[in-house]
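A structural walkthrough
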Amino acid sequence: MLRVEGMIEVLADHIVHQIAAGEVIERPASALKELVENAIDAGASSIFISYRQGGLNTLIVEDNGAGISLDEIPLAFRAHATSKLKRLEDFDALRTYGFRGEALCSLASVSDLEIWSSRSEDSRGVKARSTFGRESAPEAADRRLGTQILVKSLFERHPARLKFMKSERSETLALSQVFRRYALAHPEISWTFKDLSSGKEVRLPKQSFVDRVLWFFDTVEKKEWFEVQSESSDWKISAYALQPRYIGQRKSGIHLFLNRRPLKDTKLEFAVRRGFEGFTEQTREIACALYLEGSAKLFDVNVHPMKHEVRFIHPEAIFSQIVSTFRPKLERLHQEVWGLNEIEPPQSISSREFAKPFTLRASDSAAASFYEVAQQNLGLQQKLALGSESYEFLTSLDDTYLFVKKGGDLFVFDQHALHERIIYERLLTAYKTEQNIDSQRLLFPVPLVLENAEVLLEQEEILSKLGFELRLWSDNKIQIVSAPSILKRDYKEVLRKLLESLQLPVETCVSEVLSTLACHSAVRAHDRLQPEEIIRLLKDFSEMDAVGHCPHGRPTFVPFKIKDLEKLFHRVL
Ligand code: ADP
Ligand code: MG
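Residues numbered from 1 in each chain as written. Chains lettered and ligands numbered in written order. Predicted model: local features only at pLDDT ≥ 70, side-chain atom pairs only at ≥ 80, totals over all residues. Heavy atoms only, no water.

1. Some words on the overall build of the chain
Helices and strands together make up the secondary structure of the chain, namely 19 helices and 23 strands. By the burial criterion, 48% of the 573 residues in the chain qualify as buried. Taking contacts inside the chain between residues at least 6 apart in sequence as the whole, the part at least 24 apart equals 67%. A total of about 29600 Å² of accessible surface is found on the chain, and carbon and sulfur atoms cover 51% of it. (Helix = DSSP H or I, 4+ residues; strand = E, 2+ residues; numbered from the N terminus. Buried < 20%, exposed > 50% of the residue type's maximum accessible area, 1.4 Å probe, protein only. Contact = heavy atoms within 4.5 Å. Areas by Shrake-Rupley, 256 points an atom, 1.4 Å probe, with all protein chains shown as cover.)

2. As for the sheet that holds strand E2 (residues 58-63)
Taken together, the eight strands give an open sheet; going across it, the order is E5-E4-E3-E6-E2-E1-E7-E8, and neighbouring strands pair in mixed fashion. Across the chains shown, the open sheet's two edge strands, defined by having one partner strand only, are strand E5 (134-141) and strand E8 (201-204). Averaged over all neighbouring strand pairs, the angle between strand axes comes to 10°, with direction disregarded. Strand direction decides the pairing type here: strand E3 (residues 112-118) and strand E4 (residues 125-131), joined by six bridges, are antiparallel. For Leu-113, the partnering residue across the bridge sits in E4 and is Ser-130. (Pairing = 2+ DSSP bridges. Axes fitted to C-alpha atoms, helices over the stretch in contact; angles between N-to-C directions.)

3. A word on the nonpolar core
Counting 93 residues, the largest nonpolar core has Trp-191, Val-272, Leu-290 and Phe-326 as the members making the most contacts within it. Dropping the residues within four chain positions of it, Phe-326 is found in contact with Phe-226, Val-228, Ala-239, Ala-241, Val-272, Gly-275, Phe-276, Cys-288 and Leu-290. Ranked by size, the runner-up nonpolar core spans 33 residues in total, among them Tyr-424, Leu-428, Leu-448 and Val-494. (Core = buried A, V, L, I, M, F, W, Y, C linked by side-chain atoms within 4.5 Å.)

4. Things to note about the pattern of salt bridges
Overall, the coordinates contain 28 salt bridges when judged by the stated rule. Notably, a salt bridge pairs Glu-121 with Arg-119, separated by 3.5 Å at the nearest N-O pair. Judged by relative accessible area, which is 24%, Arg-119 ranks as partly exposed. Note that Glu-512 is salt-bridged to Lys-497, the shortest N-O span being 3.6 Å. (Salt bridge = Lys/Arg side-chain N within 4 Å of Asp/Glu carboxyl O.)

5. Points about helix H13 (residues 415-432)
The end-to-end C-alpha distance of H13, which contains 18 residues, comes to 26 Å, matching closely the 26 Å that a straight helix rising 1.5 Å per residue would cover. With 15 of 18 residues buried, H13 is to be regarded as a mostly interior element. The N-cap residue of H13 is Asp-414: its side-chain oxygen and the backbone nitrogen of His-416 are 2.9 Å apart. Of the residues flanking the end of H13, it is Glu-434, one or two places downstream, whose phi is positive at about 65°. (Expected span 1.5 Å × (residues − 1). Polar contact = N/O pair within 3.5 Å; in protein donor to acceptor, adjacent residues only side chain to side chain.)

6. Quick notes on the environment of Ala-522
By secondary structure assignment, the location of Ala-522 is in the loop between helix H17 (506-521) and helix H18 (531-542). With a relative accessible area of 1%, Ala-522 lands in the buried category. C-alpha of Ala-522 to C-alpha of Ala-417: the two residues are 105 residues apart in sequence and 8.1 Å apart in space. Setting aside chain neighbours within four positions, we find Ala-522 in contact with His-416, His-419, Glu-420, Ile-423 and Arg-489.

7. Side note on empty space enclosed by the protein
Scanning all chains against the criterion turns up one cavity of 30 Å³ or more. Its boundaries defined by the atoms lining it, the largest cavity holds a volume of some 30 Å³. Around the largest cavity sit Asp-234, Trp-235, Leu-298, Phe-312, Ile-313, His-314 and Ala-317, which together line it. A per-class count over the lining of the largest cavity returns five nonpolar, one polar and one charged. (1 Å grid on protein atoms, 1.4 Å probe; cavity = no way out; pocket = protein on both sides within 12 Å on 5 of 7 lines; lining within 4 Å. Points joined across faces, edges and corners; volume = space filled by probe spheres on them. Nonpolar A, V, L, I, M, F, W, Y, C, P; charged D, E, K, R; others polar.)

8. Comments concerning the packing of aromatic side chains
Taken as a whole and assessed by the stated rule, the structure comprises 24 aromatic pairs. For the ring pair Phe-209 and Tyr-240, a centre distance of 6.2 Å and an interplane angle of 10° mean the geometry is stacked. Highlighted residues: Phe-209 in helix H7 (residues 209-216) and Tyr-240 in strand E10 (residues 235-242), separated in sequence by 31 residues. Connected via pairs of aromatic rings, a cluster forms that spans Tyr-51, Phe-179, Trp-191, Phe-193, Trp-215, Phe-216, Phe-217 and Trp-225. Here Arg-180 stacks its cationic end above the ring of Trp-215, 4.9 Å away from the centre of that ring. Across the ring face of Tyr-431, the terminal group of Lys-465 is positioned such that the distance to the ring centre comes to 4.1 Å. (Phe/Tyr/Trp six-rings, centres within 6.5 Å; stacked < 30°, edge-to-face > 60°. Lys NZ or Arg CZ within 6 Å of the ring centre and 35° of its normal.)

9. A look at the site of ligand 1
In the vicinity of ligand 1, 19 residues are found, and the nearest of them are Asn-38, Thr-82, Ser-83, Lys-84 and Gly-101. In the environment of ligand 1, a nitrogen atom lies 2.9 Å from a nitrogen or oxygen atom belonging to the side chain of Asp-63. Contact distances for ligand 1 include 3.2 Å between an oxygen atom and a backbone N or O atom of Ala-103. Contact with the protein chains covers 93% of the free accessible surface of ligand 1, which is 540 Å². Only helix H2 (28-41) and helix H4 (103-109) provide two or more residues apiece to the shell around ligand 1. Across the shell around ligand 1, the residue classes break down as eight nonpolar, seven polar and four charged. (Near = heavy atom within 4 Å.)

10. Things to note about the pairing of strand E21 (residues 469-474)
Every other side chain in a regular strand lies on the same face of the sheet, so the side chains alternate between the two faces. Strand direction decides the pairing type here: E21 and strand E22 (residues 477-484), joined by five bridges, are antiparallel. Bridge assignment links Leu-470 to a residue of E22, and that residue is Ile-480. In this antiparallel pair of consecutive strands, E21 and E22, the connection spans two residues, and Asn-476 shows a positive phi of 60°.

11. Structural notes on the sheet that holds strand E20 (residues 439-449)
Spatial strand order, E20-E22-E21: three strands in an open sheet with antiparallel pairing. If you trace the sheet from one side to the other, it starts and ends with E20 and E21, each paired once. Strand-to-strand twist of the sheet, defined as the mean angle between neighbouring strand axes without regard to direction, takes the value 20°. Along the sheet, helix H16 (residues 491-501) makes contact with E20, E21 and E22, crossing E20 at roughly 75°.

12. A look at the packing of H13 against H17
Taken N-terminus to C-terminus, the directions of H13 and H17 make an angle of 140°; their axes are 8 Å apart at the nearest point. Relative to H17, H13 is oriented oblique. Relative to H17, H13 is oriented so that their crossing is right-handed. Two secondary-structure elements touch here, H13 through His-416, His-419, Glu-420, Ile-423, Tyr-424, Leu-427, Leu-428 and Tyr-431 and H17 through Val-506, Val-510, Ser-511, Leu-514, Ser-515, Leu-517, Ala-518, Cys-519 and Ser-521. For the contact of H13 with H17, the class distribution of residues is eleven nonpolar, five polar and one charged. (Parallel < 35°, antiparallel > 145°, perpendicular 65-115°, else oblique. Left-handed = near helix turned anticlockwise from the far one by under 90°.)

So, in structure tokens, the structure goes:
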């Protein structure tokens, strides 16, 4: 048996700190993050960052913030020394990035670190140094404004840590990402980011939020962006985002900030995507900066020393607030783009135009071109009078695409996408106004094998709102007794979607299920429609707002304006 001889000893302080440093300071970029946060906490309005060799050789952060006094400077190097949190009760009101008092101590233990600082009220400045955890006594120094921290030879005495460093290029890139995200969080601060080897620098003046966002996304086209805001009792949200029509053609990325703290949170990113759903197919390509402001009581960032992770007390509330922050504005933008706002609210469509039933001659009713027949029978009745404009159904292609003339423009509809969207809107309205969706008792209960069927059966309320009645048969086996009347098949897909979406916030879960329900109830591509059905679809369409996309984001129609045709035929450029 192996025995370790020796005495238990308390580790020397500087060794403890070196071990702990690994948690906070992983690479130059994490050092930069801590230094920049300290500068912002000190109230700086200007921050100057410079570096050499990806920050491993040299990393300097200078600010014009409050500064540190001569007596406090030794404390700044000490573990758990912070000027930001005195009592535990203060925690909820805390607005600073720092509060653990770990960063400087950790950084000082793994580098050769110098601080110069002065406060406006002192006649002299101070200077202090720590070389790999060994401090020298602080001295008086020339007065400068704010604080300058110079980090040299990071990890030089920690070959194990150095081994994990990537190329100079990727360390530089990581530095740049830290700088860019904090600059995006703080447009009111002027920034400089300088590579001392090449002399290259990025300079940012103090800017408005919009201008800083445009810089971040490498664009000058302000008109391609929009701004939204919302306020609830808990959260204030403001966001800047690229309009749907430019999505996919410009730089993308969703950047979240919680009380100006850069935040990675896939659920909240998903909420942004959800907000855009139906307005773009490319929700992966959204470009957006979103700022959340709320009391520290509502979340916990103290999960990990690097504060990467946040836990929200009510994640669902914030999720749905984000979604509804975007939607009204996106609907308005959508209407502007497709000119739908030109359509006046539908007047009652004169009964004369629709009263006459369409009679198709038996011989033609099957295959052939029933549209021609329809055309003969219908004549002008295919026109829907809508205010001054009218829709005129021309023809259908491949039993999928409906060609419609409106004013001087041509609209091509996808019959499935169109029907799906119409059904979805109806279901959603029914759901929101607390009506149960029409349900139908099945002649014979439909058996279904579904994993976790018990979980589904617990959702009685939502099931009955959706028009389902289920019965447990045996383990994982259920019987569908009643189902939504519009659904004629694919019961399983809808129920599986419900099961899958149960852990999402209620609002999201419902819209997932309703869109699946709509998809499976809608006419499909290549379904041969009766002329009445086509007219019905167009009429329903004309009575709804903002239905330019099916719930999954595919367009329901594509407009060809005369202008577009002229371009296609090179009549105009
Ligand atoms: P924390 O930020 O969690 O308080 P740090 O180790 O990062 O801990 O910093 C320790 C203390 O040093 C801070 O609380 C602050 O008082 C002081 N300090 C650090 N950097 C600066 C700076 N740039 N300007 C003014 N004070 C600073
Ligand atoms: Mg700090």
